[in-house]
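Here's the letter readout for the chains.
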Amino acid sequence: MTQPNTSQSRAILLTVAAILCFGLMDVAVKAVSPMTGTLPALWARYAGQMVIVVILVAPRLTRVARSQYPKLQIARSVLLMLATFFFFLALGQIGLAEATAVMSMNPLLITLGGALFLGEALGPRRIIAILVALVGALIVIRPGSEVFQPASLLPLIAAFCFASYTLITRRLGPDEDVWTSLFYTGLVGSVILTCIMPLHWQPLTGQSIALMCVIGAVGTAGQLMLIRALSMAEAGLLAPFNYTGLVFAVLWGLVLFGERPDVLTLIGALVIAGAGIYVWHRETRAT
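For the structure given in this document, a descriptive report is provided here. Since the model is a prediction, treat every value here as computed from it, not as a measurement.

A few points about the overall build of the protein
- Of regular secondary structure, the protein possesses 13 helices and 0 strands.
- The order of α-helices and β-strands along the protein, N terminus first, is α-α-α-α-α-α-α-α-α-α-α-α-α.
- For the protein, the C-alpha atoms occupy an extent of roughly 55 × 45 × 30 Å along the three principal directions.
- Taken across its 287 residues, the protein has 53% of its residues classed as buried.
- Taking all contacts inside the protein whose residues are at least 6 apart in sequence as the whole, residues at least 24 apart take part in 92%.

Given below as C-alpha cells:
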C-alpha cells in the first residue's frame, strides 16, 4: 500500500493556493489599470508587500534582512518585478484568459531549466504531464487566432522572467529564510518603483485605493506560499500546477469581466487540470 509524501503534497497545495492568489491579484490589476495605469498598480504590488513584511517581522527585522546570497536575492527580485511588469502591461491590452494562456509557457521553461541548471530529475511522468498541459494551453491559445498580436509577446517575456525567478528561488531553497526572500522582493521592487512613480502618478479614488490594497495583500500572500513551496519540493514537480492559473483566469474572466470562454477554451482548461491531477497522484505516492 502506497503512502502520500506529505512534504510534496503540502508543496503542491501551497503552489495551487499561490496561483489562486496571483489570479486574484491579476483581477484587481485588470480592474484598476484603466484608472491608474500599469506602473501605479505595479508599485502597489511591491510597496504593499514591503509594508506587510516589515510589520510582520519587525521584532527580528535585522536578522531577516541578512541574506547568505544577497546577489542572488537582488537578481531574483529584479526578475520577478520585470515578470510582473510585463504581465500587468499585457492585462491592459488583451483578455485575462488569453494573457494567462501565453504566460502558461513558464512551467515548461521551469521544468527544462530545473533539469539543465539545477540537476533536477526529468523523468517520463514529468515530461508527459508538461507536454499534455502545454497541449491544453495551445488549445486555449490556438495559434493564428487574435491572441497572437504584438501584445501577446508581453506575457511570453513575463514567462521567461518568472521561470528564471523561480529557478533562482529554488536554488536558494531551505538555506534562506522565506521571510528574507519576501523582504528582498518587496525592498528591491518598492525602491525602484518609488523612484519612478512621481513621473506616472495619477489622482486616486476610493475604489482604486481599495483595489491597490488588494493587489499588495494577495500578491504578498501568493509570494510567501510559492517561496515556501519551492523550499519543500523540486521546481519540475511543481511546474505543472502553474497551469491551474489558466483555469482560474477563465473563471474570473467569465464571472467578473464577461469574457465568455468557448468550448475549446473549456476543453483546454480541463486538459491542463487533468495533467496537474495526474502528477499529483503519481508524484505524491511512493512507488
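Some remarks on the environment of Ala275
- The residue Ala275 is located in helix α13 (residues 263–283) in this model.
- Using a relative accessible area of 4% as the deciding quantity, one classes Ala275 as buried.
- Placed 27 residues apart in sequence, Ala275 and Phe248 show a C-alpha to C-alpha distance of 15 Å.
- Every residue in contact with Ala275, bar those within four places of it in the chain, is listed here: Ala129, Val132 and Ala133.

Here's the deal with helix α7 (residues 124–141)
- For α7, which comprises 18 residues, the first-to-last C-alpha distance of 25 Å matches the rise-based estimate of 26 Å (1.5 Å per residue) to within 8%.
- Along α7, the residues classified as buried are Arg126, Ala129, Ile130, Ala133, Leu134, Gly136, Ala137, Val140 and Ile141. Relative to the axis of α7, the buried residues are bounded by an arc of 155° and lie together on one face.
- A positive phi of about 50° marks Arg142, the residue just after α7.

Here we look at the side chain of Glu120
- Within the element layout of this structure, Glu120 appears in the loop between α6 (106–117) and α7.
- Judged by its relative accessible area of 9%, Glu120 is buried.

Conventions and cut-offs
- Residues numbered from 1 in each chain as written.
- Predicted model: local features only at pLDDT ≥ 70, side-chain atom pairs only at ≥ 80, totals over all residues.
- Heavy atoms only, no water.
- Helix = DSSP H or I, 4+ residues; strand = E, 2+ residues; numbered from the N terminus.
- Buried < 20%, exposed > 50% of the residue type's maximum accessible area, 1.4 Å probe, protein only.
- Contact = heavy atoms within 4.5 Å.
- Expected span 1.5 Å × (residues − 1).
- Arc of directions from axis to C-beta.

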